[in-house]
Amino acid sequence: MIIGLLSFMFVGCGNNKLQKIELAEVTHSIFYAPLYVALNNGYFEEEGLEISLVNAGGADKVMAALLSKESDIGLAGPESTIYVYNNGQSDYMINFAQLTKRDGSFIVGREKEEDFTLQALKGKSILGGRVGGVPEMTLEYVIKQAGLSVGRDEEGKDVLVRTDIQFNAMTGAFLNGEGDYTTMFEPTATLLEKEGKAYVLASVGEFTDEIPFTSFYVTKSYLNKNQTTIEKFTRALYKGQQFVFNSSNEDVAKSVISFFTDSTIDDLIKVIARYKEADVWCDNPYFNEEGFERLMNVMEEANELDKRAPFKEIVDNSFVEKVLKKH
């Protein structure tokens, strides 16, 4: 009888195994705090999901991981999904949840500039990142909006935006003397400021209207085969977003610190406050169409978009709508 009962128990445990999902993130940053909160607070486990988080180191590498089926879900700028769709890929990407609504990078310099404005960039160079990436295009956009001309890796313009250094190498290159300014995500910017090696001067996001800066996406084939999984993922993410909006900066910091062991609680509280002030996070995963059109305006301004992609083809808000309806 005992053996029989134990066998029954083990069979029951086997049926409760978590579904494993590999999630490729474009970089590792507190900019994605709602995701890390959802992971650490057990929201994904509550939905029966086990998330394996991989830092791909760039939106192009996230896309490559999904196209090669090495990863299931991608977290990066949706500009890459537009490129893939426009290139005629049959199994193109579909955005199903939005995480951030503004640029999460900061303009960083080597000296303190208390009254910094974008005009300070005139006659200078700034490390901008990969050509065609949302951070680089948004940076160009806000500089142009300030009335300054922009040159990519060429002289003769008001501001030289350098795109010759890979995204993951920008911080090291700046510390080694490359560029007059650079852009950085948190917590790297705050850590270097603490060490006196660099100084945060402005949030790029504060100079722009809302755009879907970072989103979760999957291949069309994965979405069609895993709709229940996508809904569960979206529900867990929503809980993380709500926690960030309804909790103190300290409580949010405590919920993400295991992902940033080089930072102190005080550092993280400062960073979270900085991001909340810049209003970068969405309070739910709904992918905004108006922001999507604005993103394509930015891409066109950067001469990186030949034709606009149809919103209804590469965005599916049905999972978010189901989650919000239940909550």
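Rules used throughout
- Residues numbered from 1 in each chain as written.
- Predicted model: local features only at pLDDT ≥ 70, side-chain atom pairs only at ≥ 80, totals over all residues.
- Heavy atoms only, no water.
- Helix = DSSP H or I, 4+ residues; strand = E, 2+ residues; numbered from the N terminus.
- Buried < 20%, exposed > 50% of the residue type's maximum accessible area, 1.4 Å probe, protein only.
- Pairing = 2+ DSSP bridges.
- 1 Å grid on protein atoms, 1.4 Å probe; cavity = no way out; pocket = protein on both sides within 12 Å on 5 of 7 lines; lining within 4 Å.
- Points joined across faces, edges and corners; volume = space filled by probe spheres on them.
- Nonpolar A, V, L, I, M, F, W, Y, C, P; charged D, E, K, R; others polar.
- Axes fitted to C-alpha atoms, helices over the stretch in contact; angles between N-to-C directions.
- Core = buried A, V, L, I, M, F, W, Y, C linked by side-chain atoms within 4.5 Å.
- Contact = heavy atoms within 4.5 Å.

S.K.: Got a sec to walk through unusual backbone geometry? Specific residues and values, please.
M.R.: Residue Pro 187 is bonded to the preceding Glu 186 through a cis peptide linkage, with omega at 10 degrees. With respect to the element layout, Pro 187 can be found in the loop between strand 9 (181-184) and helix 8 (188-194). One non-glycine residue with positive phi stands out, namely Lys 69, at about 70 degrees. Along the chain, Lys 69 falls in the loop between helix 4 (59-67) and strand 3 (73-76). Here the phi dihedral of Asp 279 falls at roughly 55 degrees; this positive angle occurs in a residue that is not glycine. As for its placement among the helices and strands, Asp 279 is situated in the loop between helix 12 (265-278) and helix 13 (289-301). By relative accessible area, which is 30% here, Asp 279 ends up partly exposed.

S.K.: Describe the pairing of strand 10 (residues 199-203), naming the residues involved and giving the relevant values.
M.R.: In terms of residue burial, strand 10 counts as a mostly covered element, since five of its five residues are buried. As paired strands, strand 5 (residues 106-109) and strand 10 are joined by four bridges and run antiparallel to one another. Considered in strand 10, the bridge of Val 108 is made with Val 200.

S.K.: Describe the layout of surface pockets, and please don't skip the residues or the numbers.
M.R.: As a volume, the largest pocket reaches approximately 260 Å³. Lining the largest pocket are 14 residues, and of these Thr 27, Phe 167, Thr 171, Phe 185 and Thr 188 lie nearest its centre. Elements that contribute at least two residues to the lining of the largest pocket include exactly helix 7 (170-175) and strand 9. Taken together, the residues of the lining of the largest pocket sort by class into four nonpolar, nine polar and one charged. The space that makes up the second largest pocket amounts to roughly 170 Å³.

S.K.: I'd like a rundown of the sheet that holds strand 9, residues and numbers included.
M.R.: Taken in spatial order, the six strands of this open sheet run 7-8-6-9-5-10, and their pairing is mixed. The sheet is open, and its two borders are formed by strand 7 (150-152) and strand 10, each paired with just one other strand. Here the strands of the sheet are splayed against their neighbours by 30 degrees on average, with no regard to which way each runs. Relative to strand 9, strand 6 (residues 124-127) runs parallel, the two sharing two bridges. Across the sheet, the residue bridging to Leu 127 is Thr 182, located in strand 9.

S.K.: Could you give an account of the pairing of strand 8 (residues 159-162), naming the residues involved and the relevant values?
M.R.: Residues Val 159 and Val 161 of strand 8 are buried on one face, and the alternating residues Leu 160 and Arg 162, pointing to the opposite face, are buried as well. Pairing geometry for strand 7 and strand 8, over three bridges, is parallel. Residue pairing across strands places Gly 151 opposite Leu 160, the latter belonging to strand 8.

S.K.: Lay out the nonpolar core with the relevant residues and their values.
M.R.: With 84 residues, the main nonpolar core has Phe 44, Ile 82, Phe 96, Phe 216, Phe 233 and Tyr 275 as its most contacted residues. The greatest single-element share of this core, amounting to six residues, is contributed by helix 2 (residues 33-40). The residues touching Phe 233, leaving out its near neighbours within four places in the chain, are Leu 23, Phe 44, Leu 49, Ile 51, Ile 73, Phe 96 and Phe 216.

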